[in-house]
Amino acid sequence: MPLYLSRFSYTPETWGRLITNPEDRRKAAQTYIESVGGKLHGFWYAFGSHDGYNLWEAPDDVSMAAVALAISGGGALSSFETTVLMSVEDTLDALRKAGEIKYKPPGT
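The residue count restarts for each chain, going from 1 along the sequence in the order it is written. pLDDT decides what is reported in this predicted model: residues at 70 or higher carry local features, side-chain atom pairs at 80 or more are listed and counted, and totals for whole chains, interfaces and linings draw on all residues regardless. By convention in this description, side-chain values take in all heavy atoms of the structure and omit both hydrogens and water.

(A) Quick look at the layout of surface pockets. Points on a 1 Å grid over protein atoms alone make up a cavity when a 1.4 Å probe fits among them but cannot get out, and a pocket when they form an open set with protein on both sides within 12 Å along at least five of seven lines; lining residues each have an atom within 4 Å of a point. Grid points are joined across faces, edges and corners, and a volume is the space filled by probe spheres set on the points. Approximately 370 Å³ is the volume attributed to the largest pocket. Secondary-structure elements contributing two or more residues to the lining of the largest pocket are β1 (3–10), α1 (12–20), α2 (26–34), β3 (52–57), α3 (61–72) and β4 (77–85). Charged means Asp, Glu, Lys or Arg here, nonpolar means Ala, Val, Leu, Ile, Met, Phe, Trp, Tyr, Cys or Pro, and polar covers whatever is left, Gly included. The residue inventory of the lining of the largest pocket, partitioned by class, reads 13 nonpolar, five polar and three charged. Each helix corresponds to a stretch of at least 4 residues labelled H or I by DSSP, and each strand to a stretch of at least 2 residues labelled E; elements are numbered beginning at the N terminus.

As structure tokens, then:
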């Protein structure tokens, strides 16, 4: 199954609610991804441009998109970005296929 890396940031209101009532959000994240047949591999909070990161496994892009849309639509986050992660083997396959494409830059 494909792996996905999500970066998220909470709204100030969400941080306020978590300060008042601390909650382990890994459990919620795990429930969301398992509902589409996936798995949560990790959940981390961080300093920097994003408040946290998740590593997910999902059956396909549509399933992961459904989870991302459900979470994003909930209103607790100010940002949510997901990146599809590719294995080294998949990247090597893509490189080989790219070598077969006869790309021509614009104007040439």
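(B) View of the pattern of salt bridges. Salt bridges, as used here, are contacts in which a Lys or Arg side-chain nitrogen is within 4 Å of a carboxyl oxygen on Asp or Glu. Within this structure, the stated rule accounts for four salt bridges. Measuring nitrogen to oxygen at the nearest pair gives 2.7 Å for the salt bridge that ties E23 to R25. On the basis of relative accessible area, R25 is assigned to the partly exposed category, the value being 25%. The partner of R96 in a salt bridge is D93, and the shortest N-O contact between them spans 3.1 Å. Taken together, the residues R96 and D93, both in helix α4 (residues 88–100) and three residues apart, mark about one turn of the helix. Owing to a relative accessible area of 40%, D93 belongs among the partly exposed residues under this scheme. The cut-offs for exposure are 20% and 50% of the maximum accessible area for each residue type, with area from a 1.4 Å probe on protein chains only; residues under the lower value are buried, those over the upper are exposed, and the others partly exposed.

(C) Geometry of the packing of aromatic side chains. The aromatic pairing rule takes the rings of Phe, Tyr and Trp, using the six-membered ring of Trp, and pairs them if the centres are within 6.5 Å, calling planes under 30 degrees apart stacked, those over 60 edge-to-face and the rest tilted. Considering all chains together, one arrives at seven aromatic pairs under this definition. Both rings, one in Y10 and one in Y45, keep their centres 6.1 Å apart while their planes meet at 45°; by these two values the pair is tilted. Of this pair, Y10 sits in strand β1 while Y45 sits in strand β2 (residues 39–45), and the two are 35 residues apart along the sequence. Relative to Y45, the ring of F43 has its centre 5.2 Å away and its plane inclined at 70°; by these criteria the two rings are edge-to-face. What makes Y45 partly exposed here is its relative accessible area of 41%. Pairwise contacts between aromatic rings join F8, Y10, W15, F43 and Y45 into one cluster.

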